[in-house]
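Summary of structural features
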Amino acid sequence: MSFTKMNIKTSIVTVIMFSGMVNVSAQSYQKTDSGLKFSADHMNVEVKFYGENTVRIIKYPAGRSFVKNSLSVIKQEQKIRFSVSEKNNVISLKTNDLLLSINTKNGVITYALPSGKELLKETANNFKPFNDAGTQTYSVRQDFQLEKDEPIYGLGILQNEKMSQRNTDVKMIQNNTWDFVPFFQSVKGYGVFWDNYSPTQFTDTPQKTSFSSEVGDGIDYYFIYGKNADGVVAGMRDLTGNVPMLPLWTYGYWQSKERYKSQDELVNVVKKYRDLKVPLDGIIQDWQYWGNNYQWNAMDFISPDFPDAKKMVQDIHDMNAHLSVSIWSSFGPMTRQYREMDPKGMLFNISTWPESGRDVWPPDMNYPSGVRVYDAYNPEARNIYWKYLNKGIFSLGVDSWWMDSTEPDHLSQKAEDLDTKTYLGSFRKVRNAYPLMTVGGVYDHQRETTGDKRVFILTRSAFAGQQRYAANTWSGDVNSSWETLRKQVPAGLNFSLTGNPNFNSDIGGFFAGVYKRNGGSKNPMFQELYVRWLQYGTFTPMMRSHGTDVAREIYQFGNKGDIVYDAIEKFIRLRYSMLPYIYSVSHDVSKNGSSFMRALSMDFPSDKKTWDMNNEYLFGKSLLVAPVLNAQYTPEKVVKTDENEGWNKTDGNKENSVSNIDFTQNKTVKVYLPEGTDWFDFWTNEKHKGGKEIQKSVNLQTIPLYVKAGSIIPLGPDIQYATEKKWDHLTIKVYPGSDTDFIVYEDEFDNYNYEKGFYTEIPFHWNEKSKTLTIGDRKGKYKGMIETRSFNLILPDGQQKTVDYSGKKTDVHFK
């Protein structure tokens, strides 16, 4: 080849290469295995697929880098099939179910279905330089445009009494009674997870919906298209972790108070329940079993009032009950944990609870406690935390953990406190993920220690992904008031819609000081509130009575035969009868991404009346629960205190008591039954057509409770604790109206053998046309499984049949 020809060829190649570079610059994208990259408007944009319907968007200023290991997301980006094209400054990126239209000039992304129907649209974003404790970074914001009447749900546990979170403006920074998860989902079947852990402002107005975080090297969020609410929840869990099975006994009844002050008092509560033959599975020992505040959270029964903790645990176990013990995120200066962590820089200098070394209110700051929060972001600190927890408490046979103050408590909220150095950067940068880290540390270490006992953690705060750590989050130290009770229903539903299915609240409310005088638990005003709260708590994933000021044990409310006592016992027993249903639902939650507490819009999205309904919900997919949330027999008392004011022990006056209340009188409440199905009254079997509001007659011992037509509900035996009797004679209630399926799930109830496939599923199918119930072949096996059993089958019209079942398919015909 001649020199001239080589020059010509080289020039041609150079032109082609330069042309390609110009073309790439004009298109501003580079296709990757999992998405694409491009530059627009002085920023870099990366689109990464984590599945066909889940896409991650990263944006960061040009000239900067973005490297991040998510604390919440555990899934990796995926290689999937998608197509890319460009026309008129718009990149079109298409999968089977999604179409992304990306403006190459400003980086704005629109999400739509392949048909072109718009789901969500970005409008603007912003990067503002920010000095984060000496590190130059940014404050970041992303705006979206929603449809005018489009409801959205999620954001965590919010005490704002709202179901749809449209027109919400809230600063997301973890505290005692508000738990934040920067995630929302729409009735249109998509969700948005803002993967940022710093204090974040969520704002929704008719003009825009935005996340704005104090710290971020870039914008980082995930768009999940699930087609419906269950799909979005499943997609969020696919990203951040699935839900492990909890032990069966966690779904029984739990008794607690602030606090049992001695070993004898604690054990005697369990003994009293057994003597009264009222079912009970769990008892909780709250704080200060360790002694004084200088020994705060020693994770050891140092107090002389607990002289033999090993015997105490054994005594509780001998009565077939389980013990949960309070542990905290902070340590007093006289504890071994403090002395080991302090030289290693693992303790924060932020104000926390308790402030004083003396157990007095207000705190006596002449004697500061010296209590400090530990750095849960540090893996070595989490190791130390478990080392002492295992040695001091778990080795005694304690069954579960009550992880209090997992926000953690931060009393002063000084801006400079957020400059505190953690293992992962400033406290500001990772603030909201603290509960995820500390709860996760205990879960991971217990799983490493043993597989014979399932982890169960009751905790006061949560973040995205915490569902993978066997945690049930309660709504914090809320007030004992009707207003607060009303707030718990949408709070739990919105939390469930973030992918966290396990929620509960202090039955009766925590701060009951307004009722503590004039009779306390004998005060009719508190009695009515407590019973209604307990009835609501019957249909939450954990049924737990707890609070201060007024004792909550059933025998504090009178004796058997007294209407209040009987109402409490009735719903505790109802809870136990539903354990086969609840445990089977828990399997659906773990295996299929379902939810216990279901906002009505999840199952009836086409019924717009359900979109913003904050006082009814489904428990599982069959039971419609309409708790009584307003006082009917006594005056309501509005109580407004925060968690600090609530500790003031001087409140309570004569205005907070009434007499001559007749709880036997019938009252009426309004109930909306969603359209598209019929509904059966749980108590009477009366059938109602959906799509209308009805008046339901109730008294103190009943609430509106309905079963969706086309449901199968297994009910268990009369028991004193969850595993007292085998499920060899279950009652199966069939509510006809449409073809339906239900799987009765069983395993060993309290180990991780189910993860190895040791469990059984018994499928039930109702054929509406032939009026036939088919009990299918049993699938699976486990040690101790019931080989042969009987089912008592009942229809609402009174038809009843008993069949023997040995694991083979059986058809049962009805008229």
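Residues numbered from 1 in each chain as written. Predicted model: local features only at pLDDT ≥ 70, side-chain atom pairs only at ≥ 80, totals over all residues. Heavy atoms only, no water.

For clarity, the cut-off: UniProt positions are given in the numbering used here, feature names are shortened, and annotations may be inferred rather than shown by experiment.
If you look the chain up in an unreviewed UniProt entry, it shows as Alpha-xylosidase from Chryseobacterium gleum. Within the UniProt record for the chain, the comment given under Sequence similarities (unreviewed entry) is "Belongs to the glycosyl hydrolase 31 family."

Looking at the domain arrangement of the chain
The accessible area lost on association of the parts is a frequent measure of interface size. The condition that has to hold: What marks off one domain from the next here is an automatic or database domain assignment. Two residues qualify as a contact provided that any one of their heavy atoms is within 4.5 Å of a heavy atom in the partner residue. We define a salt bridge as a contact between a side-chain nitrogen of Lys or Arg and a carboxyl oxygen of Asp or Glu at a distance within 4 Å. Here a polar contact is recorded for every N or O atom pair within 3.5 Å, except that within protein the pair must consist of a potential hydrogen donor and a potential acceptor, and residues adjacent in sequence are included only if both atoms are side-chain atoms.
Each assigned domain of the chain is listed here: domain 1 (30-146 + 190-225), domain 2 (247-405 + 412-455), domain 3 (457-642 + 663-711) and domain 4 (726-813). Once you take the C-alpha centre of each, domain 1 and domain 2 turn out to be 39 Å apart. Contacts between the two partners involve 11 residues from domain 1 and, on the opposite side, 12 residues from domain 2. Counting across the domain 1 and domain 2 interface gives 2 salt bridges. Taking the shortest distance from any N to any O, the salt bridge between R428 and D132 comes out at 2.7 Å. Along the contact surface separating domain 1 from domain 2 lie 5 residue pairs in polar contact (both at pLDDT 80 or more).

Quick look at the pattern of salt bridges
We apply this condition: Segments assigned H or I by DSSP are reported as helices when at least four residues long, segments assigned E as strands when at least two residues long, and all are numbered from the N terminus. Remark: exposure states derive from per-residue accessible area (1.4 Å probe, protein chains only) relative to the maximum for the residue type, with buried under 20%, exposed over 50%, and partly exposed in between.
Enumeration according to the criterion identifies 49 salt bridges in this entry. Across the pair K621 and D588 runs a salt bridge whose closest N-O atoms are separated by 3.5 Å. Residue K621 is located in the loop between β31 (617-619) and β32 (623-625), and its partner D588 is located in helix α13 (residues 579-592); the two are separated by 33 residues in the primary sequence. Salt-bridge contacts for K696 lead to D681; the nearest nitrogen and oxygen are separated by 2.7 Å. Remark: D681 occurs in strand β34 (residues 678-681) and K696 occurs in strand β36 (residues 692-698); sequence separation between them is 15 residues. Relative accessible area serves as the criterion here: at 12%, K696 is assigned to the buried category. Several salt bridges converge on common partners, so that one network encompasses D132, K171, E214, D419 and R428.

Section: the nonpolar core
Put simply, the rule reads: Definition of nonpolar core: a set of buried residues of the types Ala, Val, Leu, Ile, Met, Phe, Trp, Tyr and Cys, connected through side-chain atoms within 4.5 Å.
M312, Y385, W401, F539, F619 and F791 are the most contacted members of the largest nonpolar core, which has 206 residues in total. In this structure, F38, L146, Y190 and W194 belong to the second largest nonpolar core, which totals 43 residues.

Digging into the UniProt feature "domain: Glycosyl hydrolase family 31 C-terminal" (unreviewed entry) in the chain
This chain's UniProt record puts "domain: Glycosyl hydrolase family 31 C-terminal" (unreviewed entry) on residues 593-638 and 665-713. Taken end to end, residues 665-713 comprises 0% helix and 57% strand; its first and last C-alpha atoms sit 31 Å apart.

Details of the packing of helix α9 (residues 482-496) against helix α11 (residues 524-537)
Cut-off, in case you're wondering: Think of each axis as a best-fit line through the C-alpha atoms, taken over the contacting stretch in the case of a helix, with angles from 0 to 180 degrees between the N-to-C directions. Any angle that is under 35 degrees is reported as roughly parallel, and any over 145 degrees as roughly antiparallel; angles of 65 to 115 degrees are reported as roughly perpendicular and all others as oblique. Think of it as three bins: nonpolar holds Ala, Val, Leu, Ile, Met, Phe, Trp, Tyr, Cys and Pro, charged holds Asp, Glu, Lys and Arg, and polar takes everything else, Gly as well.
Remark: α9 packs on α11, axes separated minimally by 11 Å, with the N-to-C direction vectors making an angle of 5°. When the interaxial angle is binned, α9 and α11 end up roughly parallel. Judged by residue contacts, W482, T484, L485, Q488 and V489 of α9 engage E528, L529, R532, W533 and Y536 from α11. Here the contact of α9 with α11 is composed, by residue class, of 6 nonpolar, 2 polar and 2 charged.

Quick look at the packing of aromatic side chains
The condition that has to hold: Aromatic pairing here means that ring centres of Phe, Tyr or Trp (its six-membered ring) are within 6.5 Å. Orientation follows from the plane angle: under 30 degrees is stacked, over 60 is edge-to-face, and everything else is tilted. Both a distance and an angle decide whether a charge sits over a ring: NZ of Lys or CZ of Arg must be within 6 Å of the ring centre and within 35 degrees of the ring normal.
Counted according to the given criterion, the structure contains 64 aromatic pairs. Relative to F211, the ring of W194 lies with its centre 5.5 Å away and its plane at 10°, an arrangement referred to as stacked. On the criterion of sequence distance, the pair formed by W194 in strand β14 (residues 190-194) and F211 in strand β16 (residues 209-213) is long-range, its members being 17 residues apart. Using a relative accessible area of 1% as the deciding quantity, one classes W194 as buried. On the accessibility criterion, F211 (0% relative accessible area) is buried. With 4.7 Å between their ring centres and 80° between their planes, F510 and F511 make a pair best called edge-to-face. Here the aromatic cluster, defined as three or more aromatic residues joined through ring pairs, consists of Y251, F539, Y583, F596, F619, W727, Y745, F749 and Y759. Lying over the aromatic face of Y555, K272 brings its terminal NZ or CZ to 5.6 Å of the ring centre. Positioned above the aromatic ring of F814, the side-chain terminus of K801 is 5.1 Å from the ring centre.

Quick notes on the confidence of the model for the chain
Detailed reading of the predicted model is not advised wherever pLDDT is low. Put simply, the test is: The pLDDT value tells you how sure the predictor is about a given residue, anywhere from 0 up to 100.
Of all residues in the chain, 95% attain a pLDDT of 70 or more, and the chain-wide mean is 94. Contacts from residues 1-26, a stretch scored under 50 in pLDDT, to residues over four places away or in other chains number 3 contacts.

Describing the sheet that holds strand β45 (residues 800-805)
Hydrogen bonds between backbone atoms are what pair the strands of a sheet, whose relative direction is either parallel or antiparallel. Keep this limit in mind: Paired strands are those between which DSSP finds at least two bridges.
One open sheet accounts for 4 strands, arranged β38-β39-β44-β45; its pairing is mixed. Whereas interior strands pair on both sides, the edge strands pair on one side only; in this sheet they are β38 (711-715) and β45. Recorded for the sheet is a direction-independent mean angle of 25° between the axes of neighbouring strands. Where β38 meets strand β39 (residues 729-735), 5 bridges bridge the pair, whose relative direction is antiparallel. Paired with I713 across the two strands is K733, which belongs to β39.

Let's talk about the packing of α11 against helix α12 (residues 563-577)
For the pair α11 and α12, the least separation of the axes is 10 Å and the interaxial angle reads 5°. Accordingly, the angle class assigned to the pair α11 and α12 is roughly parallel. Counting all contacts with α11, which are made through Q527, Y530, V531, L534, Q535 and G537, the residues of α12 involved are V564, A567, I568, F571 and R575.

Points about the side chain of H410
Positionally, H410 belongs in the loop between β23 (400-403) and β24 (421-422). H410 gets classed as buried once you look at its relative accessible area, which sits at 6%. There is a polar contact of 2.7 Å between the side chain of H410 and the side chain of D417. For H410, the residues in contact, after removing those within four places along its chain, are I350, S351, D417 and R431.

Considering unusual backbone geometry
Residues E258 and R259 are joined by a peptide bond in cis, for which omega reads -10°. In this structure, R259 sits in the loop between β18 (253-255) and α3 (263-276). Here N320, not a glycine, exhibits a phi torsion of approximately 60°, which is positive. Following the sequence through the fold, N320 ends up in the loop between α4 (309-318) and β20 (322-327). Judged by its relative accessible area of 35%, N320 falls in the partly exposed class. Even without a glycine there, the phi angle at S405 is positive, about 55°. Checked against the element boundaries, S405 lands in the loop between β23 and β24. In this structure S405 comes out as buried when scored by relative accessible area, which is 2%.

Quick look at the pairing of strand β4 (residues 54-61)
Of all 8 residues that make up β4, 8 are buried, and the element is covered over most of its length. Burial of the side chains of β4 extends over both faces: T54, R56, I58 and Y60 are buried on one face and V55, I57, K59 and P61 on the other. Sheet topology places strand β3 (residues 43-51) next to β4; 8 bridges connect them, and they run antiparallel. Along β4, the bridge assignment pairs F49 with V55. Count of turn residues in the β3/β4 antiparallel hairpin: 2 residues. When β4 meets strand β17 (residues 219-225), the two strands line up antiparallel, connected through 6 bridges. Bridge assignment links R56 to a residue of β17, and that residue is Y222.

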